[in-house]
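Tertiary structure, described
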Amino acid sequence: MLRFLTAGESHGPGLVTIVEGLPAGLQVSRDGIAAELARRRLGYGRGRRMSLEKDELEILGGVRFGRTLGSPVAVVIRNTEWPKWQEEMSAGPGQSRKPLQTPRPGHADLAGMVKYDTRDARDILERASARETAARTVVGYLAKQLLAEIDVAIVSHVVAIGDAAVTSAAGRPVPGDQEVVDESPVRTFDPKGEADMIAAIEAAKADRNTLGGVFEVLAYGLPIGIGSHVHWDRRLDAALAEAMMSIQAIKGVEIGDAYKMARTPGSSAHDEIYHDGEFIRATNRAGGLEGGMSIGDVVRIRAAMKPISTVMRPLDTVNVVSKEAEKAFRERSDVCAVPAAAIVGEQMVAFALANEIQRKFGGDTVDELVRAVAAYRQHVAEF
């Protein structure tokens, strides 16, 4: 099994990622991680900080001559703005000159301040910040490298920003379309929808507001039977939902056509089974999952991201010290981060799938894993 841990604050000296459980022999490159980090900075509507984040990284352990050793992989992403924040974010004795005492609605500020008994929201927001997803990008890169060894590919695309959505004629991208999606300013596969989404972001910006939206992640090539029906915490749909919901600002998850199926009679809601040399489905309403397991079809999962909580028109709040009504403080923010959230969604789906692949097939080396998966695929073909 895989597991990972991240550490670090948004304006601290850097973010650290440790990934354990990767087999030996997996190809890893600093440039590959950097490219994935650059993808995370994509998207129309991002703020000025995206041009400042250079994501200087260093592989500290677990990799030698471009391949994993089987030991934990450790990577640090240094914060290029750290010199400006050394005093405010110092690990040494001292205190803030300007404590943030007006918690922002929609953020972790107030609940975290009460929970950890602090009157300075920076103690909370620095870790709650979506900047933490840069550390998860390292995890996603490694997971996707592992999945690629067994011909499983992950693709994401944006399907809605605010009220602007892809048209009914728009198809879904396949692995070969990822570059096309990334070239879209809003990372959508639908040119008509792209124009509408950009217009929506521009309107929100003019209104000094923010927008959320919906993105979809697709997993191609996953064999049947990944996950399990026997325990609640082994169900693949549960693992995927947890992975998605762990992303900052994600408030809802849909697998397949879940909400449409909830309004559809059972006779028209399921993916009927046929055999044409292999077991096939003519539809993908269940999103490639049944009974907590993959069914050999495309795994399809959507996530809904709320509008960014830091708005240019500060919301009402209360000063935690004076208890007087005030306006929430405002940190630098984006108008819309849905395109970037879709990248993080890819990475978390990749981790959840790679973890279940490792659980089922094991192997101390990549070669062992590849052989085990090939033997299982042969079993599936002969079933």
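Not measured: the values here are computed from a predicted model.

Across its full length, the chain carries 12 helices and 17 strands. Rg of the C-alpha trace for the chain: 22 Å, near the compact-globule value of 21 Å for 383 residues, within the 12% margin. If you line up the chain on its principal axes, its C-alpha atoms span 70 × 50 × 40 Å. For the chain, the proportion of its 383 residues judged to be buried stands at 47%. In the chain, once contacts between residues fewer than 6 apart in sequence are set aside, the share between residues at least 24 apart is 72%.

Across a regular strand the side chains alternate sides, sitting on one face of the sheet and then on the other. The pairing of strand β1 (residues 3-7) with strand β2 (residues 14-20) spans 5 bridges and is classified as antiparallel. What sits directly across from arginine 3, in β2, is glutamate 20. Hairpin connection between β1 and β2: a loop of 6 residues separates the two successive antiparallel strands, and glycine 8 in this loop has a positive phi of roughly 125°.

Our focus in this paragraph is a nonpolar patch on the surface. A cluster of nonpolar side chains, contributed by Ile273, Phe279 and Phe383, occupies part of the molecular surface with about 380 Å² of accessible area. With respect to the helices and strands, phenylalanine 279 occurs in strand β12 (residues 279-281).

The phi dihedral of aspartate 117 falls on the positive side, at around 55°, and the residue is not glycine. By secondary structure assignment, the location of aspartate 117 is in the loop between α4 (109-115) and α5 (122-128). A residue is classified by how much of its surface remains accessible, and aspartate 117, at 59% relative accessible area, is exposed. With a phi close to 65°, aspartate 151 is a non-glycine residue in the positive phi region.

It is worth spelling out empty space enclosed by the protein at this point. The tally for this structure, following the rule as stated, stands at 1 cavity of 30 Å³ or more. Considering only enclosed or pocket space, the largest cavity measures out at about 50 Å³ in volume. Across the lining of the largest cavity, the residue classes tally to 6 nonpolar, 2 polar and 2 charged.

For proline 191, the location among the structural elements is in helix α8 (residues 191-206). Taking the C-alpha atoms as reference points, proline 191 and arginine 208, separated by 17 residues in sequence, lie 26 Å from one another.

Time to look at the packing of helix α1 (residues 30-40) against helix α11 (residues 338-361). Contact geometry of α1 with α11 gives a least axis separation of 8 Å together with a crossing angle of 140°. As the angle between them shows, α1 and α11 are arranged oblique. Every residue of α11 that contacts α1 at Glu36, Arg39 and Arg40 is listed here: Ala340, Ile343, Glu346 and Gln347. Residue composition of the contact of α1 with α11, grouped by class: 2 nonpolar, 1 polar and 4 charged.

Rules behind the numbers
- All residue numbers refer to position in the chain's written sequence, counted from 1.
- Only residues with pLDDT of at least 70 are given local features in this predicted model, and only at 80 or more are side-chain atom pairs given and counted; all residues enter the totals for whole chains, interfaces and linings.
- Only hydrogens and water are set aside; all other atoms, that is, all heavy atoms of the structure, feed into the side-chain values.
- For the purposes of this entry, the term helix denotes a DSSP run of H or I that reaches at least four residues, the term strand denotes a run of E that reaches at least two, and both are numbered from the N terminus.
- Radius of gyration here is computed from C-alpha atoms only, and the compact-globule reference equals 2.2 Å multiplied by the residue count raised to the power 0.38.
- Burial classes: relative accessible area under 20% of the type maximum marks a residue as buried, over 50% as exposed, and values in between as partly exposed (1.4 Å probe, protein chains only).
- Whether two residues are in contact is decided by their heavy atoms, any of which lying within 4.5 Å being enough.
- Being paired, for any two strands, means DSSP has found at least two bridges between them.
- By definition, no residue in a patch forms a salt bridge, and every one has over 30% relative accessible area; like charges are joined within 9 Å, nonpolar side chains (Val, Leu, Ile, Met, Phe, Trp, Tyr) within 5 Å.
- Method for areas: the Shrake-Rupley scheme with a 1.4 Å probe, in which residue coverage is limited to the protein chains shown.
- Think of a salt bridge as a Lys or Arg side-chain nitrogen and an Asp or Glu carboxyl oxygen that are within 4 Å of each other.
- Note on definitions: the grid is 1 Å and covers protein atoms alone; a cavity is a set of points where a 1.4 Å probe fits but cannot get out; a pocket is an open set with protein on both sides within 12 Å along at least five of seven lines; lining residues have an atom within 4 Å of a point.
- Grid points are joined across faces, edges and corners, and a volume is the space filled by probe spheres set on the points.
- Charged means Asp, Glu, Lys or Arg here, nonpolar means Ala, Val, Leu, Ile, Met, Phe, Trp, Tyr, Cys or Pro, and polar covers whatever is left, Gly included.
- Here an angle of 0 to 180 degrees is reported between the N-to-C directions of two axes, which are lines fitted to C-alpha atoms, with helices fitted over the stretch in contact.
- Note on terminology: angles under 35 degrees are roughly parallel, angles over 145 are roughly antiparallel, angles of 65 to 115 are roughly perpendicular, and the others are oblique.

Everything listed here is a matter of coordinates, which is why it stays silent on function.
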